[in-house]
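Residue-level structural notes
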Amino acid sequence: MVQLYDLVIIGGGPGGIGAAVEAKALGLQNILMIEKGENHSQTIRKFYKDNKRVDKNYKGQEIELKGTIDFRDGTKESTLNYFDSLLDKGEIDTAFNSEVESITKENGQFYVVTSKAGYRAKNVIVAIGTMGKPNKPDYTLPISLKERINFNLDKCSQKEKLLIVGGGNSAVEYAIELSKTNNVTLNYRRETFSRLNDINLTLINEYNGQEKLRLRLGMDIVSIENENGLVKVNFTDGYYTIYDRVIYAIGGTTPVDFLKKCGITFDAEGKPEFDEHYETKTKGLYLAGDIAVKSGGSIAIALNHAHDIVTHILTSSHM
Ligand SMILES: Cc1cc2nc3c(=O)[nH]c(=O)nc-3n(C[C@H](O)[C@H](O)[C@H](O)COP(=O)(O)OP(=O)(O)OC[C@H]3O[C@@H](n4cnc5c(N)ncnc54)[C@H](O)[C@@H]3O)c2cc1C
């Protein structure tokens, strides 16, 4: 008989880790965290540049942490190390390299099916984030340029002519960091940056002022072509430029199909539905982290969701 867990957590990012750690701290023993990557925190590993500053009050959102986790300002590396230590200390049961494919509920129990195994649970928290499916532009991207058109920093090297596309903190942080070892242009379709935190705004103006990078603002991309294996980018002003690599940093999308398959309902604006305890219409099935915010999630927000959900599980009738 497959073991029945008190709690199965899907996704090993801040929301998932927070839920596992809080659950242990508040007395739940029988829990499992399932993560599709080979280690926890795939969004931080893949989308944060090395040595990136990690702000607790991300984008100026002041958050007071509610649970036992003492998350503070740091770097990509210190944050990953801290999460490692939390998982070790909590002796959290984990299943890595396991992508959850479906969640169903029958006779009061959940069945969680991954690419490798099936699990039974009394409660399930879905904390899969939105970066598994990065946003893509409307125009067609030539398949032949697959290696040179990227949505994270995995393939970046040095001394390349790079175009970063986007106007948020991620795009600006990528541009600043990569300009230290590459020739970087940052393209944003609007004339000014309106969503940046103060530090990034100051830095990008400083780097632009000192010509450490180039800004191409108020301009969109019309199309992309393959020019002798390099990326030819045609802009709305009628000019084109050829780059070694183009990196899109234009956010991510809620994995709607997966959530619908798990029985989660959506409101008129296309956002997943849940109540004030982050519980969906299926009792015992919760959403945490970036998939449970309208816009602009953060590590601290995900940790607080986790704490609220675990507290609710312990006081509800699902145990
Ligand atoms: C470039 C960048 C910089 C940022 N900087 C900061 C910052 O400085 N400070 C801050 O507070 N926030 C920052 N954020 C935001 C922060 O990273 C997110 O708000 C936070 O990671 C959300 O946590 P989460 O657990 O909801 O999702 P994620 O961190 O996205 O974790 C989801 C996890 O679920 C896994 N997963 C997905 N689908 C499945 C599946 N079907 N089965 C199993 N596992 C699955 C993924 O592999 C992933 O590991 C930044 C984001 C980006 C992109």
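You'll find the structure just up there.
The structure reproduced in this document is the subject of the present report.

1. Thoughts on the environment of Leu-163
One can find Leu-163 in strand β10 (residues 161–165). Overall, the relative accessible area of 0% leaves Leu-163 in the buried class. As for Leu-163 and Phe-193, which are separated by 30 residues in sequence, their C-alpha atoms are 17 Å apart.

2. Focus: the sheet that holds strand β15 (residues 240–243)
Strand order in the open sheet formed by three strands is β13-β14-β15, and the pairing between neighbours is antiparallel. Every other strand in the sheet has two partners, leaving β13 (221–227) and β15 as the edge strands with one partner each. Each strand axis lies, on average, 25 degrees off the axis of its neighbour in the sheet, ignoring direction.

3. Structural notes on the pattern of salt bridges
Overall, the coordinates contain 15 salt bridges when judged by the stated rule. For Lys-122, the salt bridge identified is with Asp-6, shortest N-O distance 3.3 Å. Linking Lys-122 in strand β8 (residues 118–126) with Asp-6 in strand β1 (residues 4–10), this pair joins segments that are 116 residues apart in sequence. Classification of Lys-122 by relative accessible area gives partly exposed; the value is 27%. Between Lys-52 and Glu-173 there is a salt bridge whose closest N-O contact spans 2.7 Å.

4. Here's the deal with helix α4 (residues 169–178)
Most of α4 is tucked away: eight of the ten residues are buried. Restricting attention to buried positions, one finds in α4 the residues Asn-169, Ala-171, Val-172, Glu-173, Tyr-174, Ala-175, Ile-176 and Leu-178. Contacts made by the buried residues of α4 are with α2 (42–47), β3 (53–54), β10, β11 (183–188), α5 (198–209) and β16 (245–248).

5. What to know about the side chain of Thr-130
Mapped onto the elements, Thr-130 comes out in the loop between β8 and β9 (149–150). Once residues within four sequence positions are removed from consideration, Thr-130 is found in contact with Gly-252, Thr-253, Thr-254, Asp-290 and Ile-291.

The rules behind each value
Residues numbered from 1 in each chain as written. Predicted model: local features only at pLDDT ≥ 70, side-chain atom pairs only at ≥ 80, totals over all residues. Heavy atoms only, no water. Helix = DSSP H or I, 4+ residues; strand = E, 2+ residues; numbered from the N terminus. Buried < 20%, exposed > 50% of the residue type's maximum accessible area, 1.4 Å probe, protein only. Pairing = 2+ DSSP bridges. Axes fitted to C-alpha atoms, helices over the stretch in contact; angles between N-to-C directions. Salt bridge = Lys/Arg side-chain N within 4 Å of Asp/Glu carboxyl O. Contact = heavy atoms within 4.5 Å.

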